[in-house]
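So you can see what is in the structure, the chains are spelled out below.
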Amino acid sequence: MTSPTIPSKDPVRVRFAPSPTGALHLGGARTALFNYLFARHHGGEFILRVEDTDRERSTEESVSGIFEGMNWLGLEWDSGPFYQSQRMERYLEAAHTLLSSGQAYRCDCLPDDLEARRKAAMAAGLPPKYDGRCRSRNVPSDKPHVIRFLNSRKGNVVVADLIRGDVVFDAEVLDDLVLLRTDRTPTYNFAVVIDDSDMEISHVIRGDDHINNTPRQIALFETLGESLPFFAHIPMIHGTDRTKLSKRHGATSVTAYREMGYLSDAMVNYIVRLGWSHKDQEIFSRAELIEFFDLDHVGSSPSIFNPEKLLWLNAHYMKTASGKDLLAQTLPFLPEEKDPLYPGTKETGPAAEQIIRAIDEWKGRTRTLVELGESLQPFLDRHFAYSPELSKKGFTAESIPVLRDLAVRFESLDVWDHDHLAGVLKSATEDLSLKLGQVASPLRGALTGQTVSPGIHEVLILLGRNESLSRIRRAIEHLGEKP
RNA sequence: GGUCCCAUCGUCUAGUGGCCCAGGACGCUGGCCUCUCACGCCGGAGACACGGGUUCGAACCCCGUUGGGACCA
């Protein structure tokens, strides 16, 4: 790779320009993130532009989905959203300016004809591009027609890509591309160039699926007399089968990951490391990302989405977050409790403190908010069910004496804290000639209905004396009922 | 089919001619810790696609091959 002295074109103005034809997927989110970080790093401006000229495929749902995804990831834009659909007269005007200066012309070739001629050219071993028939035909403006760019570019067009180095295209393969369709709507390449130059974009950072469009756009910029932005084409994100990420690779929209219990910070940290690196560092705070991010360490080969690593990052962010910070994000993953142990489990509710403590005990053991929500269940609901796993682990009628013994000791314990509880368990263990596990395990079953939980002392504290005792009594009853 | 891009452990990557018989991370795996499950800690297996050059020296530079991908059709 050639080396990039990253030019500092001042001021830095970048844009994220999604087509609202679907949700914000991982690749789009990463493109948005790179643009955002580049802007923040250089103190520039991050512009959001919605490329919705394709009225057939663009939807309101997609637009709001994209905004929602960006908001969730914390990618705040500084200006926009601008909609191409609201700039139609601008494209029309620009096309007519080119027309009157002789840099564009009307063409009324029919699609079928074009196709036939293209095939003929291919058969003759020529490139299948537009043959320029209408260049000098002077098609009258009252006939249905498209407006074509009169491409007079000769030689090579080189894209001085900040990531790939010089990418050379032969101008011969460039077409007289359509600027305006018969229905007066602009084509993608035309609208993009008009917008990028009107918005004075300094750096075009986009997926490399657009690199083949770039020489056409450059030819347009030049004809328009506009200075070129810098281009940076970032590699794609592929699915496990190494093809472009799409629906068949499972969840692709970023908001789907929010619903699966992923944290925004984890998601951002994961996608930023796809194609970008900063030495050996894996974990980045938002501030570090802004401080370190630049284009010189963006790689040029495509990467494959790896859900395992995302999961690991999510677990990392969960265990390092405070229970307090996790509370609001966790609440949506708790079912509506019918008989909450802690009433008012709202963020500001009276039980918030209790929930936070439970989250703090659990967050290091679960990898997503969904798992966290499930794990919290026995602590929120006094009508939890006993897991079928329990009896396999020795939670049987034989546990009754141990539980009875513990109940007596707990009733007379004066201070309900970690040290005193540990003391009780220790003496019970010794008096009964058991191992700690043989006491803790049935107790865990009685208190949570589960075979796994945070440390047994923490569970006792979380539930408190009354709830702990009532659960122990209930367990004795439950086990006694067994034949 | 045409144009363009890409190529380091399974995956994300460090590496910009000597520091590399290639480092980190996820995953996998052996162990320690331990009341369960996690976490954490210590260890292990695991890669420079291939072939030619250039050079005293190449993962790094050049050419080709192969493989993959994107776009257009």
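First things first, this report covers the structure right here in the doc. The structure presented is a predicted model; accordingly, all values stated were derived computationally and were not measured.

The rules behind the values
- Residues numbered from 1 in each chain as written.
- Chains lettered and ligands numbered in written order.
- Predicted model: local features only at pLDDT ≥ 70, side-chain atom pairs only at ≥ 80, totals over all residues.
- Heavy atoms only, no water.
- Helix = DSSP H or I, 4+ residues; strand = E, 2+ residues; numbered from the N terminus.
- Rg over C-alpha atoms; globule rule 2.2 N^0.38 Å.
- Buried < 20%, exposed > 50% of the residue type's maximum accessible area, 1.4 Å probe, protein only.
- Contact = heavy atoms within 4.5 Å.
- Areas by Shrake-Rupley, 256 points an atom, 1.4 Å probe, with all protein chains shown as cover.
- Lys, Arg positive; Asp, Glu negative; His and termini not counted.
- Charge placed at Lys NZ, Arg CZ, Asp CG, Glu CD.
- Axes fitted to C-alpha atoms, helices over the stretch in contact; angles between N-to-C directions.
- Parallel < 35°, antiparallel > 145°, perpendicular 65-115°, else oblique.
- Nonpolar A, V, L, I, M, F, W, Y, C, P; charged D, E, K, R; others polar.
- Pairing = 2+ DSSP bridges.
- Right-handed = clockwise from strand over helix to strand, strands pointing away.
- Phe/Tyr/Trp six-rings, centres within 6.5 Å; stacked < 30°, edge-to-face > 60°.
- Lys NZ or Arg CZ within 6 Å of the ring centre and 35° of its normal.
- 1 Å grid on protein atoms, 1.4 Å probe; cavity = no way out; pocket = protein on both sides within 12 Å on 5 of 7 lines; lining within 4 Å.
- Points joined across faces, edges and corners; volume = space filled by probe spheres on them.

Okay, the overall build of chain A next. Helix and strand content of chain A: 18 helices and 12 strands. Relative to the globule expectation of 23 Å for 483 residues, the C-alpha radius of gyration of chain A, 32 Å, shows a markedly less compact shape. Viewed in the frame of its principal axes, chain A has a C-alpha envelope of about 105 × 45 × 45 Å. The 483 residues of chain A split such that 49% are buried. Long-range pairs, those at least 24 residues apart, make up 75% of the contacts in chain A with a sequence separation of at least 6. Looking at chain A as shown, the accessible area adds up to about 23100 Å², and 51% of this sits on carbon and sulfur atoms. Here chain A carries 57 positive and 68 negative side-chain charges, and the mean point of each set is 4 Å from the other.

This part takes up the packing of helix 12 (residues 352-362) against helix 18 (residues 456-480). Contact geometry of helix 12 with helix 18 gives a least axis separation of 10 Å together with a crossing angle of 170°. Relative to helix 18, the element helix 12 lies roughly antiparallel. Residue-level inspection shows Gln354, Arg357, Ala358 and Glu361 of helix 12 in contact with helix 18, the latter providing Glu458, Ile461 and Leu462. When its residues are assigned to classes, the contact of helix 12 with helix 18 shows three nonpolar, one polar and three charged.

Below, the discussion takes up the pairing of strand 10 (residues 230-234). Most of strand 10 is tucked away, with four of its five residues classed as buried. Across five bridges, strand 9 (residues 203-207) lies against strand 10 in parallel orientation. Note that in strand 10 the partner of arginine 206 across the bridge is histidine 233. As a crossover connection, the stretch from strand 9 through helix 6 (residues 214-224) into strand 10 is right-handed.

On to the packing of aromatic side chains, then. Summed over the entire model, instances satisfying the criterion amount to 12 aromatic pairs. Ring centres of tyrosine 257 and tyrosine 262 lie 5.6 Å apart, and the angle between their planes is 75°; on these two criteria the pair is classed as edge-to-face. For the pair shown, tyrosine 257 and tyrosine 262 are each scored as buried. Each ring, one from tyrosine 270 and one from phenylalanine 305, has its centre 5.7 Å from the other, and the planes form 80°; the classification is edge-to-face. Taken as a pair, tyrosine 270 in helix 8 (residues 264-272) and phenylalanine 305 in the loop between strand 12 (303-304) and helix 10 (307-320) lie far apart in primary sequence, 35 residues in all. Among the residues examined, tyrosine 270 registers a relative accessible area of 4% and is labelled buried. You can call phenylalanine 305 buried: its relative accessible area is 9%. Of the aromatic side chains, those joined through ring pairs into one cluster are Phe34, Trp276, Phe284, Phe292 and Phe293. The positively charged end of arginine 474 is found above the aromatic ring belonging to phenylalanine 384, 4.9 Å away from the centroid.

Attention shifts here to the layout of surface pockets. Roughly 1200 Å³ of volume is contained in the largest pocket. Along the walls of the largest pocket sit 42 residues, with Ser19, Thr21, His25, Asp209 and His210 positioned nearest its centre. Contributions of two or more residues to the lining of the largest pocket are made by strand 1 (13-16), helix 1 (26-41), helix 5 (188-198) and strand 9. Broken down by element, the lining of the largest pocket gets its largest block of residues, five residues, from helix 1. In terms of residue class, the lining of the largest pocket is made up of 15 nonpolar, 16 polar and 11 charged. Put simply, the second largest pocket is a space of about 250 Å³. If you trace the second largest pocket, you find 16 residues lining it, with Lys393, Gly394, Gln438, Ser441 and Pro442 closest to the centre. Broken down by element, the lining of the second largest pocket gets its largest block of residues, five residues, from helix 17 (residues 436-448).

Moving on, we come to the pairing of strand 6 (residues 156-161). A one-sided burial pattern is seen for strand 6, the buried positions being Val157, Val159 and Asp161 and the unburied ones Asn156, Val158 and Ala160. In this structure, strand 6 lies alongside strand 7 (residues 165-170), joined through six bridges in antiparallel fashion. Paired with valine 159 across the two strands is valine 167, which belongs to strand 7. The antiparallel hairpin formed by strand 6 and strand 7 contains three residues in its connecting segment.

Extensive coverage of helix 5 is indicated by the burial of nine of its 11 residues. Turning to helix 5, its buried residues number three or more, namely Asn189, Phe190, Ala191, Val192, Val193, Ile194, Asp195, Asp196 and Ser197. Turning to helix 5, the residues buried within the fold contact strand 1, strand 2 (45-50), helix 3 (88-100), strand 8 (178-180), strand 9 and helix 6. Following helix 5 by one or two positions, glutamate 200 has its phi on the positive side, about 50°.

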